[in-house]
Amino acid sequence: MKEKLAFAGTAFLLCLLILPTRGDEQERKWRTPEGRFWVGTLVDVNGDRISLRMPDGTQGNISLAKLGEPDQRYIARYVAEKAEAAELGPEQIAQEKKLAATLSEGPRNWTSSDGKAIQGQLEGFDGSTVQLRTPRGVFKFPADRLSPLDQRLLRRWVEDQPVQVGEWPDFVEAPDNMEIEFVDGGVEGWEFVYRSSHFEFRTTTRLSISVVREFARIFEATFEVVKALPVGFNPKPREGGYFLTELYETRNQYYAAGGPAGSGGVFMGGANKIMIPLPNLGVKQVGNRWILESGADSTTLQHEITHQVTFRWLSQWPVWFIEGLAEYISSARYNKGRYTLKNMAGNVEDAIMKYPVDGNSFPMVPVETLMTMDHGTWSAALTGGGATYNYRSSNALMFYFLHLDGEGDGSGVATFLHALNQGVPSRTALAEHLLRGRDFAALSQEVETKLKQEGIRIEYR
């Protein structure tokens, strides 16, 4: 049990590597596609370079070409909004945002690009094509046939619309007949390298294909379940086509390679890889061969794999969101490559009510404290106490936003993620699409009430 808790604790170590990124003018991590990063506050964009103020007060420049796609979109939006603010001014922008919110409430006069008036009610806009209901019927036409003002109003309107989500799956599983490729000759100093569809496993000892296939199921199934949640987590492998895992024959070898002392495995954010001793995968040596034992608890490994497959977005997500998703996934029932998601309320309740909870209610961290907590404060709980409550509280809050908020379909999370993908700053996206005008007191009451309706009793600490 001690090692399992240490393994879970390595997620806190990861959090030390991911600095707060909330807001337009806060210090953030600027990442390359490979996972390298610079820490700094955006000062300006100069052509194909950005200017950053570093933590020590100095200023430096980074080529836009070196940034990953989330930061590229962030910068593109920054440039566009800066240009628009200079052209229109803050008052005009505020008025347009108010007007945009009313576009679908009834008929209005629209203006074409050549100055003609069109009366109609907005029925849809997909980013390029407008659908209007007019006295003569419903018409579809390209948005660029409208005036610049109406095009801006449409853009503002569509950004505020909730993203439609699909069906929530009852089950998700890895492919039945997974193919495992042995890389002849190894790579980068590793003699034995094996690949499944999305993961590469490197080790210093030969393993049978059947053993690799069995433990690879949990990796591939976790990838599939994150992908299957219909809110847009959108996992993608690292550059080169695979998520990387390094396997060590013994715990001592794992520690010597940089595994945190006392831990049973770790996701190393800087290198975007998981490190784990083979015994912690349930793989043990019998004579001169390795076999896979069944029945090993895999929840902490599921947690770390979730971090790995969503790595490219971690610099944008609040810490409670990062850990809440990983805890939510590891709460699902898992068996031999198959996740069962039919009773997530019961699964989450079981997970958060584990020791050291006493009584019939879970002592949850207050919602405002949780949602505004930065990575440093979260990580400090490792030694200062409260770590367990932070993790389990984030699980309960993630469950609420995925299954109980609004219409109960996760559309708030989907819209939040979509906004981040478009370059909207995290704090802005959270306020607009998760809080949606509620203050923390109102949200806290709703979280408590709706969790109770699902059989999850909480009391704020």
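Computed from a predicted structure; not experimentally measured.

Bringing helix α11 (residues 375–384) into the picture now. Restricting attention to buried positions, one finds in α11 the residues His375, Trp378, Ser379 and Ala381. Projected down its long axis, α11 shows its buried positions confined to an angular sector of 135 degrees, all on one face. In α11, those exposed residues whose orientation departs by more than 90 degrees from the buried face are Thr383 and Gly384. If you check the start of α11, you find a side-chain oxygen 3.2 Å away from the backbone N of Gly376, and it comes from Asp374.

With the rule as written, the count across this model stands at 23 salt bridges. Its salt-bridge partner being Glu84, residue Arg155 comes within 2.4 Å of it at the nearest N-O pair. Here Arg155 is found in helix α4 (residues 148–159), whereas its partner Glu84 is found in helix α2 (residues 69–88), with 71 residues between them in sequence. Overall, the relative accessible area of 32% leaves Arg155 in the partly exposed class. Here Glu96 makes a salt bridge to Arg156, at a shortest N to O gap of 2.9 Å.

Before going further, it helps to examine the sheet that holds strand β4 (residues 59–63). A sheet is described by the order of its strands in space; here four strands give the open sequence β1-β2-β3-β4, paired in antiparallel fashion. Either end of the sheet is taken by a strand with one partner, and the two such strands are β1 (28–31) and β4. Sheet twist, expressed as the mean angle between neighbouring strand axes with direction ignored, is 60 degrees. Most of the contacts of α2 go to strand β2 (residues 37–46), to which it runs at about 25 degrees, and overall it touches β1, β2 and β3 (49–53).

Time to look at the packing of aromatic side chains. According to the stated counting rule, one finds 23 aromatic pairs in the structure shown. Taking the centre distance of 5.8 Å and the plane angle of 80 degrees together, the rings of Trp30 and Tyr74 count as edge-to-face. With Trp30 in strand β1 and Tyr74 in helix α2, the pair connects residues that are 44 residues apart, well separated along the chain. With a relative accessible area of 0%, Trp30 lands in the buried category. Ring centres of Phe233 and Phe321 lie 6.3 Å apart, and the angle between their planes is 55 degrees; on these two criteria the pair is classed as tilted. With Phe233 in the loop between α5 (209–228) and β13 (243–248) and Phe321 in helix α8 (residues 319–331), this residue pair connects regions lying 88 residues apart in the sequence. For the pair shown, Phe233 and Phe321 are each scored as buried. Every member of this aromatic cluster is reached through a ring pair, and the members are Phe233, Trp317, Trp320, Phe321, Tyr400, Phe401 and Phe416. Its guanidinium or amino end placed over the ring of Tyr389, Arg461 lies 3.8 Å from that ring's centre, counting from NZ or CZ.

What counts, and at which threshold
Residues numbered from 1 in each chain as written. Predicted model: local features only at pLDDT ≥ 70, side-chain atom pairs only at ≥ 80, totals over all residues. Heavy atoms only, no water. Buried < 20%, exposed > 50% of the residue type's maximum accessible area, 1.4 Å probe, protein only. Helix = DSSP H or I, 4+ residues; strand = E, 2+ residues; numbered from the N terminus. Arc of directions from axis to C-beta. Polar contact = N/O pair within 3.5 Å; in protein donor to acceptor, adjacent residues only side chain to side chain. Salt bridge = Lys/Arg side-chain N within 4 Å of Asp/Glu carboxyl O. Pairing = 2+ DSSP bridges. Axes fitted to C-alpha atoms, helices over the stretch in contact; angles between N-to-C directions. Contact = heavy atoms within 4.5 Å. Phe/Tyr/Trp six-rings, centres within 6.5 Å; stacked < 30°, edge-to-face > 60°. Lys NZ or Arg CZ within 6 Å of the ring centre and 35° of its normal.

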